[in-house]
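# Structure assessment
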Amino acid sequence: MTNKIGRPTKYSEEMLNKAKDYLEKCRNTKATNKDADMNFVVPYIEYLALECDVDTETIMNWVNATDIQGEGDNEIEVRLYPEFFDTIKRILDLQKLRLMQHSLTTKGNVAGSIFQLKANHGLKEVSVVENINDTPTQVLVNFNLPNGKTIKAFDKPNGKTD
């Protein structure tokens, strides 16, 4: 076990129970706002952090906290809070599912859900171009430059055209 430096952690069984309760609440609670554009609750680590009276970075520190056990060649890294880690992973999986469900609806800010999926869950937009007849395909790209400038204007140091 490594030597501990700094103030004691706020992590306790109570924090684990708050995380589990929050997960279940988000799984089972329907949106209460009559104008809500989705009928489910999207969980957020930030909200859990508020419930635990800590910041989001602290939550993620607990998730990633490890310690070295054993000696020499038998050293292994183990999670300090494995049950908390598993609960947070399930919260993030539920968040991803809810955002995916919302992005398939026609109501509300679908672009916001898609952005969060890209930013927080690694989803990417992919374009596939298939060349059917093995002949080169010419692609035309149009640039709309500010103030009607041309590409040549950006080659000059002051950006002015002749």
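Residues numbered from 1 in each chain as written. Predicted model: local features only at pLDDT ≥ 70, side-chain atom pairs only at ≥ 80, totals over all residues. Heavy atoms only, no water.

### Some words on the overall build of the chain
In terms of helices and strands, the chain carries six helices and two strands. Moving toward the C terminus, one meets the helices and strands of the chain in the order α-α-α-β-β-α-α-α. Taken across its 162 residues, the chain has 23% of its residues classed as buried. When the accessible surface of the chain is totalled, it reaches about 12600 Å², and 51% of it is carbon and sulfur. (Helix = DSSP H or I, 4+ residues; strand = E, 2+ residues; numbered from the N terminus. Buried < 20%, exposed > 50% of the residue type's maximum accessible area, 1.4 Å probe, protein only. Areas by Shrake-Rupley, 256 points an atom, 1.4 Å probe, with all protein chains shown as cover.)

### Digging into the environment of Leu 23
With respect to the helices, strands and loops of the structure, Leu 23 is situated in helix α1 (residues 13-28). Since its relative accessible area comes to 4%, Leu 23 is described here as buried. Taking the C-alpha atoms as reference points, Leu 23 and Tyr 44, 21 residues apart in sequence, are found 9.7 Å from one another. Those residues within four positions of Leu 23 in sequence are excluded, and the remaining contacts are Thr 87, Arg 90, Ile 91 and Leu 94. (Contact = heavy atoms within 4.5 Å.)

### Overview of unusual backbone geometry
The phi dihedral of Asp 53 falls on the positive side, at around 60°, and the residue is not glycine. On the secondary structure map, Asp 53 appears in the loop between α2 (45-52) and α3 (56-64).

### Observations concerning the pairing of strand β2 (residues 76-79)
When strand β1 (residues 66-69) meets β2, the two strands line up antiparallel, connected through four bridges. Considered in β2, the bridge of Asp 67 is made with Val 78. Where β1 folds back onto β2 in an antiparallel hairpin, the turn is made up of six residues, including Gly 70, whose phi is positive at roughly 90°. (Pairing = 2+ DSSP bridges.)

### A look at the pattern of salt bridges
A complete count under the given rule lists three salt bridges for this structure. Across the salt bridge formed by Lys 18 and Glu 14, the nearest N and O atoms sit 3.6 Å from each other. Taken as a pair, Lys 18 and Glu 14 lie in helix α1 at a separation of four residues, close to a single helical turn. Classification of Glu 14 by relative accessible area gives partly exposed; the value is 47%. Taking the shortest distance from any N to any O, the salt bridge between Lys 20 and Glu 83 comes out at 2.3 Å. With Lys 20 in helix α1 and Glu 83 in helix α4 (residues 82-103), the pair connects residues that are 63 residues apart, well separated along the chain. On the accessibility criterion, Lys 20 (28% relative accessible area) is partly exposed. We classify Glu 83 as partly exposed; its relative accessible area is 41%. (Salt bridge = Lys/Arg side-chain N within 4 Å of Asp/Glu carboxyl O.)

### Re the environment of Glu 77
In this structure, Glu 77 sits in strand β2. Separated by ten residues in sequence, Glu 77 and Asp 67 have C-alpha atoms that sit 5.6 Å apart. The contact partners of Glu 77, leaving out residues within four places of it in the chain, are Thr 66, Asp 67 and Ile 68. A distance of 2.7 Å separates a polar atom in the side chain of Glu 77 from a polar atom in the side chain of Thr 66. (Polar contact = N/O pair within 3.5 Å; in protein donor to acceptor, adjacent residues only side chain to side chain.)

### Examining the nonpolar core
Taken as a class, soluble globular proteins show a tendency for nonpolar side chains to be buried jointly. Grouped together as the largest cluster of nonpolar side chains are 22 residues, with contacts concentrated most on Tyr 11, Leu 48, Ile 59, Trp 62, Phe 84, Ile 88 and Ile 91. Mapped by element, the contributors of at least two residues to this core are α1, α2, α3 and α4. If one sorts the elements of this core by residue count, α1 sits on top with six residues. Residues within four places of Ile 59 in sequence aside, it is in contact with Ile 45, Leu 48, Ala 49, Cys 52, Val 54, Phe 84 and Ile 88. (Core = buried A, V, L, I, M, F, W, Y, C linked by side-chain atoms within 4.5 Å.)

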